[in-house]
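# Commentary on secondary and tertiary structure
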Amino acid sequence: MPRFPLFLGTEPETLPTIEPIVTEYSDVTIPISLLVIFVVMAVVLLAAVVVAFIFIKNRGTNFGQSIMFALLFYLGINYFVFNLSLYGLQMLPGVADFAKAHNRTMQLFMLFWEMLLSMVSMYLGLRYAVRQSRKRAYYIDICTALIYGLVFYTAALFVSRHLVFSIEYTIYGGYINSVGFDAAVTSMVQNGAKQDEAIATILDFARQKPIDHVFYSLNFILTGIQQTAAAIVLYGLFTDQLEKRWLLGAAAIYVGAYLGAAIQIIFKAPVFVNTLVSLAANAAAVYVVWRLLNGPMSKEMYTLTHKKVKEEKQKPDEPEKMPTIVMPKD
């Protein structure tokens, strides 16, 4: 998505007022269908979080601790280590020039580095959660793995600012349509943007295909499913239900979550190719997990297919009433 350098509706106080700009794109507007898709997909992505959490809450036990550990490891490794390492990489001489000359190579490197750190944080975080539960004699079930997949999915939505951008662009689109293309360009230039950049930014926004945003949003859900499948395999490994060789299986499933993005970068393919590859990888991962849940991890199926029994509050014992004695009449 194009990035607006400054909010279009802001009226700066320090910059001088400029003459209204007139362009050849005065009739260009942001398609209403695109703005509707932004809202719809934001609702779908959030609904997936709510539905998944309710499912886990109705079946899982001791998942509060798992949420805390998953967040700590995700933010600590996926976010801080990733961003700090990229910042340090940019400080090296020649890296900026190399990135400009080999854009796709740099994108692939960043994708690989993101995947590696994500795998490490999932492995260490889930292993730590299982060990702590055993150490403290807490009951643990497969919902611990489901929580890790859900937390990684939810954190990715907010760390990537995908939801925030969806809301912002809906507001920007409404503003552009209300004031007109030329007035929007004038506002951006007034805020310090170059005229050519302002025009290109709004044109890129207006020319977006709604279906591309649908595919881009669905990729978050597909990645979340793939990571959840890998978490289930790791959980089976850490709880001694699976053999150690399944560590490679979990890694292969995790790589599948990034395979579509890698193909898209290498071949400069459209975003729907990423989605199709991710669908195929998801199908394979779900099949593998289903076989495990009907095999060596069969005891976990009961947790997934049955809701927790709610404990009814016991009423305090009421004192027994004295029997009524009926005196005989004389």
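One can find the structure itself at the top, above this paragraph.
Residues numbered from 1 in each chain as written. Predicted model: local features only at pLDDT ≥ 70, side-chain atom pairs only at ≥ 80, totals over all residues. Heavy atoms only, no water.

### Regarding the packing of helix α9 (residues 210-238) against helix α10 (residues 246-267)
Remark: α9 packs on α10, axes separated minimally by 8 Å, with the N-to-C direction vectors making an angle of 170 degrees. With respect to their mutual orientation, α9 and α10 come out roughly antiparallel. Each of T223, Q226, Q227, A229, A230, V233, L234 and L237 in α9 lies in contact with α10, whose residues at this interface are W246, L247, A250, I253, Y254, G256, A257 and Y258. Of the residues belonging to the contact of α9 with α10, the class tally is twelve nonpolar, four polar and no charged. (Axes fitted to C-alpha atoms, helices over the stretch in contact; angles between N-to-C directions. Helix = DSSP H or I, 4+ residues; strand = E, 2+ residues; numbered from the N terminus. Parallel < 35°, antiparallel > 145°, perpendicular 65-115°, else oblique. Contact = heavy atoms within 4.5 Å. Nonpolar A, V, L, I, M, F, W, Y, C, P; charged D, E, K, R; others polar.)

### Quick look at the layout of surface pockets
Estimated volume of the largest pocket: approximately 1500 Å³. What lines the largest pocket is a set of 39 residues, among which L111, E114, S160, Y216 and F220 lie closest to the centre. Within the residue set of the lining of the largest pocket, elements represented by two or more residues are α2 (63-91), α4 (103-135), α5 (143-159), α6 (162-179), α9, α10 and α11 (271-293). With eight residues, α9 is the single largest residue contributor to the lining of the largest pocket. When grouped by side-chain class, the residues that make up the lining of the largest pocket number 19 nonpolar, 15 polar and five charged. When its volume is computed, the second largest pocket comes out at roughly 590 Å³. Forming the boundary of the second largest pocket are 22 residues, of which A52, L146, G224, I225 and T228 lie nearest the centre. In terms of residue count, the dominant contributor to the lining of the second largest pocket is α9 (six residues). Along the lines of polarity and charge, the residues of the lining of the second largest pocket split into 18 nonpolar, four polar and no charged. (1 Å grid on protein atoms, 1.4 Å probe; cavity = no way out; pocket = protein on both sides within 12 Å on 5 of 7 lines; lining within 4 Å. Points joined across faces, edges and corners; volume = space filled by probe spheres on them.)

### Some thoughts on α5
Given a rise of 1.5 Å per residue, 17 residues ought to cover 24 Å, and the 24 Å separating the end C-alpha atoms of α5 matches this to within 8%. Within α5, 15 of the 17 residues are buried, which leaves the element mostly enclosed by the surrounding structure. Looking one or two places after α5, you find R161, whose phi comes out positive at around 60 degrees. (Expected span 1.5 Å × (residues − 1). Buried < 20%, exposed > 50% of the residue type's maximum accessible area, 1.4 Å probe, protein only.)

### Regarding the packing of α6 against helix α7 (residues 181-190)
As a packed pair, α6 and α7 sit with axes 6 Å apart at the nearest point and diverge in direction by 120 degrees. On α7, the residues touching Y175, I176 and V179 of α6 are F181, A183, A184 and S187. Grouping the constituent residues of the contact of α6 with α7 by class yields six nonpolar, one polar and no charged.

### With respect to the packing of aromatic side chains
Applying the stated criterion across every chain yields a total of 16 aromatic pairs. Between the aromatic rings of Y74 and F152, the centroid separation amounts to 5.1 Å while the plane-to-plane angle is 75 degrees, which identifies the pairing as edge-to-face. Of this pair, Y74 sits in helix α2 while F152 sits in helix α5; the two residues are 78 residues apart in sequence, bridging distant segments of the chain. The same class applies to Y74 and to F152, which are both buried. The structure contains a cluster of three or more aromatic residues connected by ring pairs, namely F38, F165, Y169, Y172 and F205. (Phe/Tyr/Trp six-rings, centres within 6.5 Å; stacked < 30°, edge-to-face > 60°.)

### Points about the environment of A145
Note that A145 resides in helix α5. You can call A145 buried: its relative accessible area is 0%. For the pair A145 and F63, spaced 82 residues apart in the sequence, the C-alpha separation amounts to 9.5 Å.

### Side note on unusual backbone geometry
In this model, A137 sits at a positive phi of 60 degrees, which is unusual for a non-glycine residue. Along the chain, A137 turns up in the loop between α4 and α5. Judged by relative accessible area, A137 falls into the exposed class, the value being 67%. A positive phi angle, close to 50 degrees, is found at K268, a residue other than glycine. Within the element layout of this structure, K268 appears in the loop between α10 and α11.

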